[in-house]
Amino acid sequence: MGKSGEDTGEDELSEARATIVDVARRAGVSKSTVSLVLGGSSLVADSTRERVTEAMSELRYIYHRGAATLRGAKSGVLGMVINDLSNPFYVELAIGIEQACQGGAFIPFLANSAEDPIRQQEVIRSMREHGAAGLVLAPAIGTSLNDIKPLVAGLPVVQVMRRLPGLKASLVTPENREGARKATAHLIENGHRRIAFVGGRDSLVVREERLAGYRLGLEAAGIPLDEALVVESTTNYAGGGAAAARLLVLPKPATAALCFNDVVAIGLVRALMQTGVAVGRDFAVIGFDDIEEAKYTLPALTSVAVNARNLGSRAAQLLMRQIASGDFEPEAVVCPTSLIVRSSCGTANSIPQGSQP
């Protein structure tokens, strides 16, 4: 076969999951030889084993370990690949998925990618090897469409919270833009004009949506956007802490901040308090997600409530419905948000003099 023919075959295999026959053809061996390699048989020569292994890697072949005994049966496993279980929000989301599965035909199989795209590929591959019937995915930062697409080919997938552009999959997400707009408007109503947006990486669609809502809030009040007040950071406590110094040393320091999520907000609050800034009096902070910890911080954190358990439950319900119907056409579910006002916001009377633009 000529080069153009080979390229066409690879393109087709990138869209449809490779089979053992494809591997045998690529390696120039029989199907039974591939089976022996997959089974770890010592009867296969090392050079042949290497050719087969290389072919599987090139074709991104995924071995279903239970296929011989479960062929024709429907798996009862739902894969859950969550990006960061150190964030309490995602723990609540996973609980919501698990609760939706209780008493039903599916058992959730949970894995934490820890924001590592390579680890994410490994756990998705493992879930497919064990015959997962579908996948709830919160993509890790830096996820490549080219790496994920062949791994989930032919599998129903529901993305939750985060969206990977170009991936043909359903999505369950909160009302990010409107939630951020409402939070920004609340700060403006309390007299703030130097409002920062803190946290998240620019590769995250969620950040783009929340940042867009922040901009809409400023525009509605006739406040020009100051790019110096948009601070990118990691999406954890440390990211919020690192942002504090940047906000306070600006020629016109910020007096308030809307944060990408609650853990960034809590990190920011702690860092500000350590430098002697009284959050709720000298500086207002709003988070996003309304995790359980938000109401117990000092001061208690104002936050855009998302209801993580509901998001997880909706994602699992959508996935189970798609598996049962065999209809994997992408759907989008957008869940409402609400602003929960607590003491970290302060009041208009507490804004430092000279803070107006």
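Given the structure is predicted, the values throughout are model-derived calculations rather than measurements.

*Asks:* Any chance you could explain the overall build of the chain here in plain terms?
*Replies:* Looking only at helices and strands, the chain has 13 helices and 12 strands in total. Every one of the 357 residues in the chain was classed for burial, and the buried ones make up 50%. About 16300 Å² of surface is accessible on the chain, with carbon and sulfur atoms providing 52% of the total.

*Asks:* Any chance you could explain the sheet that holds strand 3 (residues 134–137) here in plain terms?
*Replies:* Through backbone hydrogen bonds, the strands of a sheet pair up, either in parallel or in antiparallel fashion. Spatially, 2-1-3-4-5-11 is the arrangement adopted by the six strands of the open sheet, whose pairing is parallel. The strands lining the two open edges of the sheet, one partner per strand, are strand 2 (107–112) and strand 11 (332–335). Here the strands of the sheet are splayed against their neighbours by 15 degrees on average, with no regard to which way each runs. Where helix 6 (residues 88–101) meets the sheet, it contacts strand 1 (77–82), strand 2, strand 3 and strand 4 (157–160), and its direction lies at approximately 170 degrees from that of strand 1.

*Asks:* So what exactly am I meant to see when it comes to the packing of aromatic side chains here?
*Replies:* The relative placement of two aromatic rings is captured by the distance of their centres and the angle of their planes. Counting across every chain of the model gives two aromatic pairs. For the ring pair Phe 89 and Tyr 90, a centre distance of 5.2 Å and an interplane angle of 90 degrees mean the geometry is edge-to-face. Judged by relative accessible area, which is 7%, Tyr 90 ranks as buried. Ring centres of Phe 197 and Tyr 214 lie 5.6 Å apart, and the angle between their planes is 50 degrees; this geometry places the pair in the tilted category. Within this pair, whereas Phe 197 is found in strand 6 (residues 195–198), its partner Tyr 214 is found in helix 10 (residues 205–220), the two being separated by 17 residues in sequence. This pair shows no difference in class: Phe 197 is buried, exactly as Tyr 214 is. Sitting over the ring of Phe 260, Arg 210 keeps its end group 5.3 Å from the ring centre. Here Arg 210 stacks its cationic end above the ring of Phe 288, 3.7 Å away from the centre of that ring.

*Asks:* Could you clarify how one ought to interpret the pairing of strand 1 in this entry?
*Replies:* Regular strands have side chains that alternate between both faces of the sheet. Across the six residues that make up strand 1, a large majority, five, are buried. Pairing of strand 1 with strand 2, which is carried by six bridges, proceeds in the parallel orientation. Across the sheet, residue Leu 78 finds its bridge partner in strand 2, namely Pro 108. Chirality of the crossover, the property in question, places the unit of strand 1, helix 6 and strand 2 among those that are right-handed.

*Asks:* What should I look at first to understand the sheet that holds strand 9 (residues 284–289) in this one?
*Replies:* The strand order across the open sheet built from six strands is 7-6-8-9-10-12, with neighbouring strands paired in mixed fashion. Of all strands in the sheet, those bounded by a partner on one side alone are strand 7 (230–231) and strand 12 (338–340). Pairing analysis gives two bridges linking strand 6 to strand 7, with the strands arranged parallel. Residue pairing in the sheet places Val 198 in a bridge with Val 231 of strand 7.

*Asks:* Help me understand the side chain of Thr 297 in this model?
*Replies:* Position of Thr 297 relative to the elements: it lies in the loop between strand 9 and strand 10 (302–305). In terms of polar contacts, Thr 297 uses its side chain to reach the backbone carbonyl oxygen of Ala 294, at 3.1 Å.

*Asks:* How should the side chain of Thr 33 be read in this particular structure?
*Replies:* Topologically, Thr 33 is positioned in helix 3 (residues 31–38). For Thr 33, a relative accessible area of 18% corresponds to the buried category. Looking at Thr 33, its side chain comes within polar contact range of the side chain of Ser 30, at 2.9 Å. Not counting the four nearest positions on each side in its chain, Thr 33 is found in contact with Val 44 and Thr 48.

*Asks:* Can you help me understand the environment of Val 198 in this one?
*Replies:* With respect to the secondary-structure elements, Val 198 resides in strand 6. In this structure Val 198 comes out as buried when scored by relative accessible area, which is 0%. For the pair Val 198 and Ser 233, spaced 35 residues apart in the sequence, the C-alpha separation amounts to 7.2 Å. Beyond its immediate stretch of four places on either side in the chain, Val 198 contacts Val 231, Ala 243, Leu 247, Ala 257, Leu 258, Cys 259, Phe 260 and Val 264.

Definitions and limits used
- For every chain, the first residue of the written sequence is number 1, and numbering continues from 1 onward in sequence order.
- Local features are withheld for residues below a pLDDT of 70 in this predicted model, meaning they are given only at 70 or higher, and side-chain atom pairs are given and counted only at 80 or more; totals for whole chains, interfaces and linings count all residues.
- Side-chain metrics rest on all non-hydrogen atoms present in the structure, leaving aside hydrogens and water.
- Working definition: helices are DSSP H or I runs of at least four residues, strands are E runs of at least two. Numbering for both runs from the N terminus.
- The classification of residues rests on relative accessible area computed with a 1.4 Å probe and restricted to protein chains. Under 20% of the type maximum is buried, over 50% is exposed, and intermediate values are partly exposed.
- Each accessible area is a Shrake-Rupley result for a 1.4 Å probe, and residues are judged covered by the shown protein chains and nothing else.
- The pairing criterion for strands is at least two bridges between them, as found by DSSP.
- Every axis corresponds to a line fitted to the C-alpha atoms, with the helix fit spanning only the stretch in contact, and the corresponding angles, defined between N-to-C directions, vary from 0 to 180 degrees.
- We call two residues in contact whenever any of their non-hydrogen atoms come within 4.5 Å of each other.
- To pair, rings of Phe, Tyr and Trp, with the six-membered ring standing in for Trp, must have centres within 6.5 Å; the planes then decide the type, stacked if under 30 degrees apart, edge-to-face if over 60, and tilted in the middle.
- The criterion for a charge sitting over a ring is simple: Lys NZ or Arg CZ within 6 Å of the ring centre, and within 35 degrees of the ring normal.
- For the handedness criterion, the strands are oriented away from the viewer, and a crossover whose path from the first strand over the helix to the second runs clockwise is classed as right-handed.
- Pairs of N or O atoms within 3.5 Å make up the polar contacts considered here, provided that, within protein, one atom can donate a hydrogen while the other can accept it, and that residues adjacent in sequence are counted only when both atoms are side-chain atoms.

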